Amino acid sequence: MTQLPAQSKKKLGLVIDLDTCVGCHGCVTSCKGWNTQNYGEPLSDIDAYGADPSGTFLNRVFSYEVEAPNKPAQTVHFPKSCLHCEDAPCVTVCPTGASYKREEDGIVLVNEDRCMGCGLCAWACPYGARELDFMSGIMKKCTLCVDRIYNENIPEEDRVPACVRTCPSNARHFGDLGDPDSDVSKLVAERGGIDLMPEQGTKPVNKYLPPRLKDTLDSAPPKPLESVSEEPKGWLGWLDRALEALPGSNGKAEDK
Amino acid sequence: MHPAPSVIIFTSLSGLGFGLFAWLGLGIPDVYGWSSFAVFFIAYALSVGGLLASVFHLANKKNVIYSFSQWRTSWLSREGVMAVITLLTFAPFAIGRIFLGIDLAIFGYVGSILALITVFVTSMIYTQLKAVPRWNMPLTPVLFLLYAVSGGALMTGEQRVAGFLIAILTLVQIAAWVLGDARFTGSGTDKGSATGLGGLGKVRVFESAHTSRNYILDEMVHVIGRRHATKLRTIAALTIGLFPVVLLLMLPVGHVTSLTALASHIVGVFISRWLFFAEAEHVVGLYYSRG
Ligand code: SF4
Ligand code: SF4
Ligand code: SF4
């Protein structure tokens, strides 16, 4: 049913720490692994070892450079997966009822038995969080690892999303953002967690923690070292110029 | 957005088809028998052909039947439902005129209104998308409706009416291009809000998440051909509008004039529909673009 639930009390989602993410793409790989070997159509790769490989992923890591005037540039690694929006435009546009938002925990899912691969939900998502799988023709998106988090067949410590379990720098946190006393909610409050594209009106559940402010230099930077090299003179100078003139040296004979 | 032939053909042909239906339902042209068969054949061929083209866009066609189920929220679902209802409403009207020589006018009038609603609903599939600011404006449905009724008028041979409507259409199309150009910046979405890093300084892409193409890039970050946009807009304005208007309003009424104008207009419709998709920028492009 593509009507959004009035309000899910429980809002399961991720909190992603842009300060600690090191851009290792570990979550990308573990997400692809889990979601290819478990629920639903596998995430296919096309021409994986060829000249023009491409494939379906539910989570991808970008890297951005941020520069403020008179400050050193800063690199920020930026993982991006479905934000399980409260006002999910991808759900309401779906003509088949394949896309839905669960009332019990707010997870946005695709029912693969109903999806007709029209792609309209991917057009409606401002974040690029949905990819149509080329092989199966079915829309794929982050499931919040719904087949792990409630899975009693796996050890308790594994009952979190694969990406969260894998992250070596602990940059991904999973929990109930609808509960103000949950660890994730406290983390968001403490670190000033933000929404992506709030003006799009999607009300994302996932939050991003902005990078902590960098130190600034409290004194003028040291002067660069003086050059100690000298132009060779006399016989050495002659040798240097002679060698320079031979083909194959720097600057010359480059025109092959 | 990727200007896929299937969606260009779908919106262009079904728009023309339902536009023609809107006139036929009013009894314009007021024909029976074989002539009536000819006009209804064209109307059904265009609208059904357009709908079939849209099915080619689907990656998992076997589930297409479910697409009639979510009319409560989905404009795409409503589109399918409305198209079928409209085509069915016209059936008794067409049969009456073709085979029985009678005018079941009530089906015609209701059908005309339904045909216009169908075109409106089609336009809303695009207009509703906030993530594509260029489409997300009230002028988009106006434009789709004008394309439908003026193309329809042209096909019914209502030369002067068509000329007048096409003149308005051309002006609205130009306005839509100009207003559309300002929509993306006007939406307030930029690299800063997309990454949430805007408060820290100027955001640039350092490394994309992937080096090869993917569905998102293919479908939503289409940039090829945008640099020819101005040229294509000029050609479109001439072929949809200026040339047909001159023919229709300044030359004596006649089949040759109408057909020449129609040929030119249809070429223009396809070019402008190509531009409608190719020029539409999706906000997801912000995650990828430099600068
Ligand atoms: S991030 Fe995109 S796919 Fe996920 S719920 Fe929001 S709009 Fe839908
Ligand atoms: S691609 Fe599938 S899930 Fe997405 S809108 Fe179409 S039918 Fe619904
Ligand atoms: S929650 Fe699961 S499906 Fe979603 S990004 Fe993480 S690993 Fe992938």
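Here the structure is a predicted model, which means the values were calculated and not measured.

1. What about the overall build of chain B?
Each helix and strand in chain B was counted, giving eleven helices and one strand. Computed over C-alpha atoms, the radius of gyration of chain B comes to 21 Å, within 12% of the 19 Å expected from 2.2 N^0.38 for 291 residues, which places it in the range of a compact globule. Taken over the C-alpha atoms alone, chain B extends approximately 75 × 45 × 30 Å along its principal axes. For chain B, the accessible surface area stands at approximately 12,300 Å², while carbon and sulfur atoms represent 75% of it. Computing the positive centroid from 19 side-chain charges and the negative centroid from 11, chain B places the two 7 Å apart.

2. Quick word on the interface of chain A and chain B
Contacts between the two partners involve 59 residues from chain A and, on the opposite side, 58 residues from chain B. When chain A packs against chain B, the two sides together hide about 4,900 Å² of surface, and 61% of this comes from carbon and sulfur. Considering only the side of chain A, the residues that lose the most area to chain B are Tyr64, Met116 and Trp123 of chain A, jointly responsible for 17% of the buried surface there. Inspection of the region where chain A meets chain B yields two salt bridges. When the shortest N-O distance is used, the salt bridge between Arg204 of chain B and Glu67 of chain A registers 3.0 Å. Our count for the contact surface shared by chain A and chain B stands at 26 residue pairs in polar contact (both at pLDDT 80 or more). If you list the elements that add at least two residues to the side of chain A that touches chain B, you get β3 (54–55), β4 (59–67), β5 (74–81), α3 (120–124) and β8 (130–132) of chain A. With eight residues, β4 of chain A is the largest single contributor of residues to the side of chain A that touches chain B.

3. Quick notes on the site of ligand 3
If you check the shell around ligand 3, you find 13 residues, and the closest are Cys31, Asn35, Cys142, Cys145 and Cys163 of chain A. Looking at the shell around ligand 3 residue by residue, the class counts come to eight nonpolar, four polar and one charged.

4. What to know about the sheet that holds β4 of chain A
Pairing in this open sheet of three strands is antiparallel, and the strands run β5(A)-β4(A)-β1(B) from one edge to the other. The open sheet has two edge strands, β5 of chain A together with β1 (202–207) of chain B, and neither has a second partner. The average undirected angle you get between the axes of adjacent strands in this sheet is 40 degrees. Where β4 of chain A and β1 of chain B come together, five bridges link them in antiparallel fashion. Following the sheet pairing, Val66 of chain A is matched in β1 of chain B by Val203 of chain B.

5. Topic: the domain arrangement of chain B
All names here are of chain B. Taken domain by domain, chain B holds domain 1 (1–128) and domain 2 (131–291). Taken over C-alpha atoms, the centre of domain 1 sits 22 Å from the centre of domain 2. Regarding the contact of domain 1 and domain 2, the summed buried area is about 2,600 Å², with carbon and sulfur atoms giving 78% of it. Scanning the region where domain 1 abuts domain 2 turns up zero salt bridges. Mapped onto the side of domain 1 that touches domain 2, the elements with two or more residues apiece are α1 (5–24), α2 (33–55) and α4 (105–127). Taken together, the residues that form the side of domain 1 that touches domain 2 break down as 18 nonpolar, ten polar and no charged.

6. So, the site of ligand 2
Around ligand 2, the structure places Cys94, Pro95, Thr96, Ala98, Ser99, Cys115, Met116, Gly117, Cys118, Gly119, Cys121 and Met139 of chain A. Residue classes in the shell around ligand 2 are distributed as eight nonpolar, four polar and no charged.

7. A few points about the UniProt feature "transmembrane region" (unreviewed entry) in chain B
Residues and elements named next belong to chain B. Here the UniProt feature "transmembrane region" (unreviewed entry) sits at residues 7–28, 34–59, 80–100, 106–126, 138–155, 161–179 and 235–253. The span residues 161–179 shows a helical share of 100% and a strand share of 0%, and its end C-alpha atoms are spaced 27 Å apart. In residues 235–253, helix accounts for 84% and strand for 0%; the two terminal C-alpha atoms are 25 Å from one another.

8. Some details on the packing of helix α5 (residues 139–156) of chain B against helix α11 (residues 255–278) of chain B
Residue and element names in this part refer to chain B. Between α5 and α11, whose axes approach to 10 Å, the crossing angle comes to 160 degrees. As summarised for this structure, α5 and α11 are arranged roughly antiparallel, according to the angle between their axes. The handedness of the crossing between α5 and α11 is left-handed. Of α11, the residues touching α5 (which contributes Thr140, Phe144, Tyr147, Gly151, Leu154 and Met155) are Ser258, Ala261, Leu262, His265, Val269, Ser272, Arg273 and Phe276. For the contact of α5 with α11, the class distribution of residues is eight nonpolar, five polar and one charged.

9. So, the sheet that holds strand β10 (residues 172–176) of chain A
All names here are of chain A. Judged by pairing direction, the sheet is mixed, and its three strands sit side by side in the order β10-β1-β11 without closing on themselves. Looking along the sheet, the strands with just one partner apiece sit at the ends: β10 and β11 (207–209). Within the sheet, the average angular offset between the axes of one strand and its neighbour, ignoring direction, is 25 degrees. The strands touched by helix α6 (residues 183–191) within the sheet are β1 (12–17), β10 and β11, with β10 carrying the most contacts at an inclination of about 120 degrees.

10. Section: the environment of Glu104 of chain A
Mapped onto the elements, Glu104 of chain A comes out in the loop between β6 (99–101) and β7 (108–110). Expressed as a C-alpha distance, the spacing of Glu104 of chain A and Asp45 of chain A, which sit 59 residues apart in the sequence, is 33 Å.

11. Let's talk about a nonpolar patch on the surface
Together, Ile65, Tyr66, Phe68, Val84 and Leu88 of chain B make up an exposed nonpolar region whose accessible area comes to about 460 Å². As for its placement among the helices and strands, Val84 of chain B is situated in helix α3 (residues 75–100).

12. Observations concerning the packing of aromatic side chains
Tallied over the full model, the rule gives 24 aromatic pairs over all chains. Judged by centre distance (6.1 Å) and plane angle (70 degrees), the rings of Phe90 of chain B and Phe93 of chain B are edge-to-face. Taken together, the positions of Phe90 of chain B and Phe93 of chain B, both in helix α3 and three residues apart, correspond to about one turn of that helix. On the basis of relative accessible area, Phe90 of chain B is assigned to the buried category, the value being 0%. Where Trp135 of chain B meets Phe277 of chain B, the ring centres are 5.6 Å apart and the plane angle is 85 degrees; that geometry is what we call edge-to-face. Of this pair, Trp135 of chain B sits in the loop between α4 and α5 while Phe277 of chain B sits in helix α11, and the two are 142 residues apart along the sequence. On the basis of relative accessible area, Trp135 of chain B is assigned to the buried category, the value being 0%. These aromatic residues form a ring-pair network of at least three members: Phe62, Tyr64, Phe78 and Tyr208 of chain A together with Tyr287 and Tyr288 of chain B. In this structure, Lys32 of chain A is placed above the aromatic ring of Phe57 of chain A, and the distance from its NZ or CZ to the ring centre is 4.1 Å.

Reading the values: the criteria
- Residues numbered from 1 in each chain as written.
- Chains lettered and ligands numbered in written order.
- Predicted model: local features only at pLDDT ≥ 70, side-chain atom pairs only at ≥ 80, totals over all residues.
- Heavy atoms only, no water.
- Helix = DSSP H or I, 4+ residues; strand = E, 2+ residues; numbered from the N terminus.
- Rg over C-alpha atoms; globule rule 2.2 N^0.38 Å.
- Areas by Shrake-Rupley, 256 points an atom, 1.4 Å probe, with all protein chains shown as cover.
- Lys, Arg positive; Asp, Glu negative; His and termini not counted.
- Charge placed at Lys NZ, Arg CZ, Asp CG, Glu CD.
- Contact = heavy atoms within 4.5 Å.
- Buried area = accessible area lost by both parts, 1.4 Å probe.
- Salt bridge = Lys/Arg side-chain N within 4 Å of Asp/Glu carboxyl O.
- Polar contact = N/O pair within 3.5 Å; in protein donor to acceptor, adjacent residues only side chain to side chain.
- Near = heavy atom within 4 Å.
- Nonpolar A, V, L, I, M, F, W, Y, C, P; charged D, E, K, R; others polar.
- Pairing = 2+ DSSP bridges.
- Axes fitted to C-alpha atoms, helices over the stretch in contact; angles between N-to-C directions.
- Domains from an automatic or database assignment.
- UniProt positions renumbered as here; feature names shortened; annotations may be inferred.
- Parallel < 35°, antiparallel > 145°, perpendicular 65-115°, else oblique.
- Left-handed = near helix turned anticlockwise from the far one by under 90°.
- Patch = residues over 30% accessible without salt bridge, like charges linked within 9 Å, V, L, I, M, F, W, Y side chains within 5 Å.
- Phe/Tyr/Trp six-rings, centres within 6.5 Å; stacked < 30°, edge-to-face > 60°.
- Buried < 20%, exposed > 50% of the residue type's maximum accessible area, 1.4 Å probe, protein only.
- Lys NZ or Arg CZ within 6 Å of the ring centre and 35° of its normal.

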